[in-house]
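What follows is the residue order along each chain.
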Amino acid sequence: MPDKRIIVVGAGPGGLTSAMILARRGYRVTVYEKQPELGGRNAALKKNGFTWDRGPTFLMMKFFLENVFRLAGASIDEQLKIMRLDPMYKLSFPDREFISFSDPQKMEAELQRHFPGEVEGLRRFYRKEKRRFEKMLPGMQRPYSDLASMISPSLLTTMPYMSIGKSLYDQLGEYFSHEQLRLAFTFQAKYLGMSPWDCPAAFTIIPWSEHAQGVYHIAGGLNAISQAMAGVAAHNGAEIHTDCPVEKVLVNNGKATGVQLRDGHREEADFVVINADFGHAMDSLFDPGIIRKYAPSRLLKKKFSCSTFMIYLGLDTIYDEPHHNVLFARDYKKNIEETTLGARLSEDISFYVQNATVLDPSLAPPGHSALYVLVPVPNTQAPISWDQETTEAFAEKVLTGVRQRTSMNDLTAHITEKVILTPEGWRDEHDIFLGATFNLSHTIRQMLYFRPHNRFEEVENVYLVGGGTHPGSGLPTIYESARISSEMISRES
């Protein structure tokens, strides 16, 4: 058994995944979390009997989650109540709405009803993107610590399937001719905080995964995954401390030796796993001069994702709306450009509404419901001041959109609880650099070797997990980042 101590900075999905795997392997693992609750962006928000997921609400590529629990000696079926959604979500345009199903026959029937003549394109989408996924998966599951890794057999096999130079929107044009149908299969770029016109075509595997492998809900919300991980980690011997901020990573001669806590106490470690937001960690967790490649002045030259404006509502009624609802702006491309380029707040907004209580009544008191509303907006690099007046005006604009474009036309009268989180809130209250909730963008120049490495290249004995490292943002790939880093620590110690 290894006699090594590992300190994990942050109890988000990546940190908790690392903790439960490494503790299972006999390492002495201690997790320090700044917030009073576990989960990071995957934490629960609770108020007066209501529970909301703070961040992610879609679970896909479930096999990644199954694998990390298996490596930790546990089973997700024993730890969590998992529900597959079918229908998956409702997609609403100003002049049309339709349902997406993971059942291929139901999906074909829905397309024939709303987009006659597009069914054969759907069948090609299933076939070709399945092949892309199978070829890309091995490349996602290995680290890229040096340039030689870019000519590895697994990546060379993958390269022809990455469609370099094409966007997600371009790729969907090979399957569907109707504009709205293309957009219906490209909105998933929002999971990366990117525009489908800029998002690399390789990410077509995301909508394929939803349709072919399913979208899932966890009883109690996706935040229950974090709670289950913490339980498994503790069972395996890890110590987890909340309300315990790490002030800085201690470095001696280019090697991490431990951490200093906010109260001044120092803890030694053989390895430090950083699950703090990548930009925030580079900006605040190291003494000046240690970080060079990702120093704040250079970091700002990187491309970061958009942010999100969040409204969490407690209602004294339950609406008959689907679990997931995606509502597109009239001019979706203009809306996305204004959001991702950070120009200004769009007059014509797109937004997402989760009405999870229809499936999971545990999220609210009897007869009540917990509604989650997300609006993609520019990150804090944009010249937008989220003062009280701006916040309240934008919140009312969003709620007006919900009332006008869903059956919830009397929504305001049923609100008993309301919590709002702005990009500045993400930045200041949750330590997310620039409030960029989806981390570094996933451009070709910020993927694989060109993304911050799992074994951090600037300081020895430091490993990164989370959306800021390979393979990228989104729950499945965050779990995989932690598995990759855990495997590297296990091999190298």
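As a starting point, this report considers the structure included with it.

Considerations on the packing of aromatic side chains
Now for step 1: Inspection of the entire model under this criterion finds 34 aromatic pairs.
Now for step 2: Note on Phe 271 and Tyr 463: the rings are 6.0 Å apart at their centroids and 70 degrees apart in plane angle, and the pair reads as edge-to-face. Of this pair, Phe 271 sits in strand S13 (residues 271-274) while Tyr 463 sits in strand S19 (residues 462-464), and the two are 192 residues apart along the sequence.
Now for step 3: Judged by its relative accessible area of 7%, Phe 271 is buried.
Now for step 4: For Tyr 463, a relative accessible area of 3% corresponds to the buried category.
Now for step 5: Over the ring of Tyr 169 we find Arg 182; its NZ or CZ atom is 3.9 Å from the centre of that ring.

Let's talk about the pairing of strand S5 (residues 82-85)
Now for step 1: Of the two faces of S5, only one is covered, namely that formed by Met 83 and Leu 85; the face formed by Ile 82 and Arg 84 stays uncovered.
Now for step 2: Examined bridge by bridge, S5 and strand S8 (residues 215-218) share four bridges and lie antiparallel to one another. Bridging from a neighbouring strand, Arg 84 pairs with Tyr 216 of S8.

So, helix H16 (residues 475-492)
Now for step 1: The terminal C-alpha atoms of H16 lie 26 Å apart, and with 18 residues this matches the ideal 26 Å at 1.5 Å per residue to within 8%.
Now for step 2: For H16, a buried count of 15 out of 18 residues is recorded, marking the element as mostly surrounded by other parts of the structure.

Observations regarding a nonpolar patch on the surface
Now for step 1: Together, Ile 318, Val 358 and Leu 359 make up an exposed nonpolar region whose accessible area comes to about 220 Å².
Now for step 2: Looking at the secondary structure, you find Val 358 in the loop between strand S16 (351-354) and strand S17 (369-377).

So, the sheet that holds strand S15 (residues 324-327)
Now for step 1: Pairing in this open sheet of seven strands is mixed, and the strands run S7-S6-S15-S16-S17-S14-S18 from one edge to the other. Either end of the sheet is taken by a strand with one partner, and the two such strands are strand S7 (96-100) and strand S18 (415-421). In this sheet, adjacent strand axes meet at a mean angle of 15 degrees when their direction is disregarded.
Now for step 2: Judged from the nine bridges that link them, strand S14 (residues 307-315) and S17 form a sheet pairing that is antiparallel. When the bridges of S17 are listed, Tyr 312 appears paired with Tyr 372.

Section: empty space enclosed by the protein
Now for step 1: The tally for this structure, following the rule as stated, stands at three cavities of 30 Å³ or more.
Now for step 2: In this model, the largest cavity occupies a volume close to 160 Å³.
Now for step 3: Considering the residues around the largest cavity, the lining is formed by 19 residues, among which Phe 187, Lys 190, Tyr 332, Ile 336 and Pro 376 are closest to the centre.
Now for step 4: Going through the elements one at a time, S15, helix H13 (332-340), S16 and S17 are the ones with two or more residues in the lining of the largest cavity.
Now for step 5: Looking at which element gives the most residues to the lining of the largest cavity, the answer is H13, with four residues.
Now for step 6: Its residues assigned to classes, the lining of the largest cavity comprises 14 nonpolar, four polar and one charged.

With respect to the layout of surface pockets
Now for step 1: Here the second largest pocket is characterised by a volume of approximately 410 Å³.
Now for step 2: Along the walls of the second largest pocket sit 24 residues, with Lys 303, Phe 304, Thr 340, Leu 341 and Ser 441 positioned nearest its centre.
Now for step 3: When the residues that make up the lining of the second largest pocket are grouped by side-chain class, the tally is nine nonpolar, 11 polar and four charged.

Comments concerning the packing of helix H1 (residues 13-24) against H16
Now for step 1: One can describe the packing of H1 onto H16 by two numbers: an axis separation of 8 Å at closest approach and a directional angle of 40 degrees. When the axes of H1 and H16 are compared, the pair comes out oblique. In the crossing of H1 with H16, the sense of the turn from one axis to the other is right-handed. Here Pro 13, Gly 14, Thr 17, Ser 18, Ile 21 and Leu 22 of H1 come into contact with H16, specifically with Leu 475, Ile 478, Tyr 479, Ala 482, Arg 483, Ser 486, Ile 489 and Ser 490.

So, the environment of Arg 131
Now for step 1: Inspection of the secondary structure assignment puts Arg 131 in helix H5 (residues 119-140).
Now for step 2: The exposure class assigned to Arg 131 is partly exposed, which follows from its relative accessible area of 40%.
Now for step 3: Between the alpha carbons of Arg 131 and Ala 74 there is a distance of 31 Å; along the sequence they are 57 residues apart.

Describing the nonpolar core
Now for step 1: Phe 125, Phe 176 and Phe 185 are the most contacted members of the largest nonpolar core, which totals 70 residues.
Now for step 2: If you tally residues by element for this core, the top one is H5, at eight residues.
Now for step 3: Those residues in contact with Phe 125, other than ones at most four positions away along the chain, are Lys 130, Leu 172, Tyr 175, Phe 176, Phe 185, Thr 204, Pro 207, Trp 208 and His 211.
Now for step 4: Core analysis: the next-biggest nonpolar cluster, separate from the first, contains 42 residues, Ile 21, Tyr 216, Ala 482 and Met 488 among them.

What counts and how
- Residue positions are counted from 1 within each chain, in the order its sequence is given.
- Owing to the predicted nature of the model, reporting of local features is limited to residues with pLDDT of at least 70; listing and counting of side-chain atom pairs is limited to 80 or more, with chain, interface and lining totals taken over all residues.
- Note that the side-chain values use all heavy atoms of the structure and ignore hydrogens as well as water.
- Put simply, two rings from Phe, Tyr or Trp (the six-membered ring, in Trp's case) pair if the centres are within 6.5 Å, and we call them stacked under 30 degrees between planes, edge-to-face over 60, tilted for the rest.
- Secondary structure elements are taken from DSSP: a helix is a run of H or I of four residues or more, a strand is a run of E of two residues or more, and numbering for both begins at the N terminus.
- Between buried and exposed lies partly exposed: a residue is buried under 20% and exposed over 50% of the maximum accessible area for its type, with that area taken using a 1.4 Å probe on protein chains only.
- Here, over-ring charges are defined by two tests on the NZ atom of lysine or the CZ atom of arginine: distance to the ring centre within 6 Å, and angle to the ring normal within 35 degrees.
- Pairing between strands requires that DSSP locate at least two bridges from one strand to the other.
- One fewer than the residue count of a helix, multiplied by 1.5 Å, yields its expected span.
- For patch detection, residues must exceed 30% relative accessible area and be free of salt bridges, and they are connected within 9 Å for like charges or within 5 Å for nonpolar side chains (Val, Leu, Ile, Met, Phe, Trp, Tyr).
- Methods summary: accessible areas were calculated by the Shrake-Rupley approach with a probe of 1.4 Å, and residue burial reflects only the protein chains presented.
- Whenever a carboxyl oxygen of Asp or Glu lies within 4 Å of a side-chain nitrogen of Lys or Arg, that contact is scored as a salt bridge.
- Helix axes are fitted only over the stretch in contact, all axes being lines through C-alpha atoms; the angle between N-to-C directions runs from 0 to 180 degrees.
- Two kinds of site are reported from a 1 Å grid over the protein atoms alone, namely cavities, where a 1.4 Å probe fits but cannot get out, and pockets, open sets with protein on both sides within 12 Å along at least five of seven lines, and residues are called lining when an atom falls within 4 Å of a point.
- Grid points are joined across faces, edges and corners, and a volume is the space filled by probe spheres set on the points.
- Amino acids outside the nonpolar list (Ala, Val, Leu, Ile, Met, Phe, Trp, Tyr, Cys, Pro) and the charged list (Asp, Glu, Lys, Arg) are all regarded as polar, and Gly is one of them.
- In this scheme, roughly parallel covers angles under 35 degrees and roughly antiparallel covers those over 145, while 65 to 115 is roughly perpendicular and the rest are oblique.
- Less than a right angle of anticlockwise turn of the near helix away from the far helix marks a crossing as left-handed, whereas a clockwise turn marks it as right-handed.
- The contact criterion used is simple: two residues touch if any of their non-hydrogen atoms lie within 4.5 Å.
- In these notes, a set of buried Ala, Val, Leu, Ile, Met, Phe, Trp, Tyr and Cys residues joined through side-chain atoms within 4.5 Å is what counts as a nonpolar core.

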